[in-house]
Each structure stands twice: as structure tokens, then as C-alpha cells.
Amino acid sequence: MIDLDYAGLTGTPVSADPFTHVVVRNFVPPAALADVVDGLPALSKGGSFPTGSLRLGSAAAALIKELEGPRFRDAIAGKFGLNLSGAPTMATLRGQSREKDGRIHCDSLAKRVTVLLYLNPETADWARQDGCLRLLRSPDNLDDYAVEVPPVNGTLLVFPNGPTTWHGHKQFVGRRYVVQLNWMTTDDKARYEMRRHRVTAFLKRLTRAA
């Protein structure tokens, strides 16, 4: 079990600018966050690692289990008026940000909903806005943003995906932990993405064993 701020999630209104989303600060409360961070693997490479391929501490594993569970699913479905019953989930962890990360993009439409949960302490980097996710009004201007989300202190960001859900961040190189959870469609593209992540996890395990 892990204590998450469901009351904060329920009480935070959905915003429509620049697209439908919700941001909940301290969704992972400070006491729980410390235990989660202690149980995260020291990822030395960039990219997304399927959580099932990682060795997580008990609190970190409990967090992933909760995010993939029915209570969180129902809370998000109710928040956005969605039916997520039966939707498969895909959960990954990033621990390192690279020079090429943060470029403006929309997530694949095979991902019905994107959840980003930030697990970093506050530092001067985030105060300078490096690595802070921006929700954008256009696909070609990182400064044309409506919302900026520092990746700190258990902050939760959730948005249903669409063709104009542009987001990105200023370049940051270094440790930047973020859990990404997606509820997927059930079409061929979604199955391909989930299969690709499983293959990637297998190859990464082989690399570590070599």
C-alpha cells in the first residue's frame, strides 16, 4: 500500500488551456516520496525502461502497482469523463535526460491517456526552468506555452492524448526521474508499442548481463 493524495486529485479542477489536463502537486506526499525515491534504480542510460524489467524497492513497486490499479484508473476516468475499463496499461520509468530529450511532440494516439509522475527533489536546475515540461499552444515554439510543470516533489500531470497535445521542455542533461503510465487503445498500433517495449526490456537485460 502507498498513501497518495486522491483528495487532491479529486479537488483539482481540469484545465482546458492549452489542452485538457490536470496537474496535482505533491500527489505523492513527501514522506511516501522519500521511500519511493530510495527504491528507484540508478539508471545510467537515457530512454524509457518498462517498470516490469526493473528491480524496484518496495515503496516504488507499490507506487507502480497503485497507478496500474482500479482506484487510480477510476479516478482518472471520472476526472475526464472516459471509459477506461479494460484498457491495457503501459508503465515506464526514465531516470536520465539527454541532450536530445524534450523536443516538442504529441504522444502516439495509441496512448489514450498519458500520466506523468515526477519524482525529483527541487534544485536550481528546475528553478531555471531547465527540464520543466511545457504544455504548448503550437508545435514549433517552446516559448508559446500555457503551463509549465517542474518535475519535482511527486507532481502528477495527466492528459488525454490528441493531435494537438503538444509538449516539450528546455534541454536538461542529468538525473530526471519520471514515471509514465499510459492507458492504451486495443488496436494494432497499441499492441505494436507494447510489444516493442517488451523487446526493449529483454535487450536491456541482455546488455546488463553481458
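Note that the structure is predicted; figures quoted are calculated from it, not measured.

Trainee: I'd like a description of the overall build of the chain, backed by residues and values.
Mentor: Helices and strands together make up the secondary structure of the chain, namely six helices and nine strands. Buried residues in the chain amount to 50% of all 210 residues. Looking at the chain alone, contacts between residues at least 24 apart form 82% of all its contacts between residues at least 6 apart. With the model as given, the accessible surface of the chain reaches about 10,200 Å², and the carbon-plus-sulfur share is 51%.

Trainee: Mind laying out the packing of aromatic side chains, listing which residues take part and the relevant values?
Mentor: Within the structure shown, the criterion is met by five aromatic pairs. For the ring pair Trp126 and Phe172, a centre distance of 4.7 Å and an interplane angle of 45 degrees mean the geometry is tilted. Residue Trp126 is located in helix α5 (residues 124-127), and its partner Phe172 is located in the loop between β8 (167-168) and β9 (174-184); the two are separated by 46 residues in the primary sequence. Residue classification places Trp126 among the buried positions, given a relative accessible area of 7%. The exposure class assigned to Phe172 is buried, which follows from its relative accessible area of 8%.

Trainee: Give a detailed account of the layout of surface pockets, specifying residues and quantitative values.
Mentor: Where empty space is left in the structure can be found by rolling a water-sized probe over the atoms. Computed from the structure, the largest pocket encloses a volume of approximately 640 Å³. Lining the largest pocket we find 29 residues, and of these Ser48, Arg94, His105, Asp107 and Gln180 sit closest to its centre. Looking at the lining of the largest pocket, the elements that each hand over two or more residues are β3 (89-97), β4 (111-118), β8, β9 and α6 (188-209). For the lining of the largest pocket, a count of residues per class yields seven nonpolar, 14 polar and eight charged.

Conventions used here
Starting from 1, residues in each chain are numbered consecutively following that chain's sequence as written. Selection of residues for local features in this predicted model requires a pLDDT of at least 70, selection of side-chain atom pairs for listing and counting requires 80 or more, and totals for whole chains, interfaces and linings are taken over all residues. Based on all heavy atoms of the structure, the side-chain values leave hydrogens and waters out of the count. To qualify as a helix, a DSSP run of H or I must reach at least 4 residues; to qualify as a strand, a run of E must reach at least 2; elements of each kind are numbered from the N terminus. For every residue, the accessible area (1.4 Å probe, protein chains only) is compared with the maximum for its type, and the residue is labelled buried under 20%, exposed over 50%, or partly exposed between those bounds. Here, residues are in contact when the closest pair of their heavy atoms is within 4.5 Å. Accessibility throughout is a Shrake-Rupley quantity obtained with a 1.4 Å probe, and a residue counts as covered only by protein chains that appear here. A pair of Phe, Tyr and Trp rings is counted when the ring centres sit within 6.5 Å of each other, with Trp represented by its six-membered ring. The angle between the planes then sorts it: under 30 degrees is stacked, over 60 is edge-to-face, the rest tilted. Note on definitions: the grid is 1 Å and covers protein atoms alone; a cavity is a set of points where a 1.4 Å probe fits but cannot get out; a pocket is an open set with protein on both sides within 12 Å along at least five of seven lines; lining residues have an atom within 4 Å of a point. Grid points are joined across faces, edges and corners, and a volume is the space filled by probe spheres set on the points. Think of it as three bins: nonpolar holds Ala, Val, Leu, Ile, Met, Phe, Trp, Tyr, Cys and Pro, charged holds Asp, Glu, Lys and Arg, and polar takes everything else, Gly as well.

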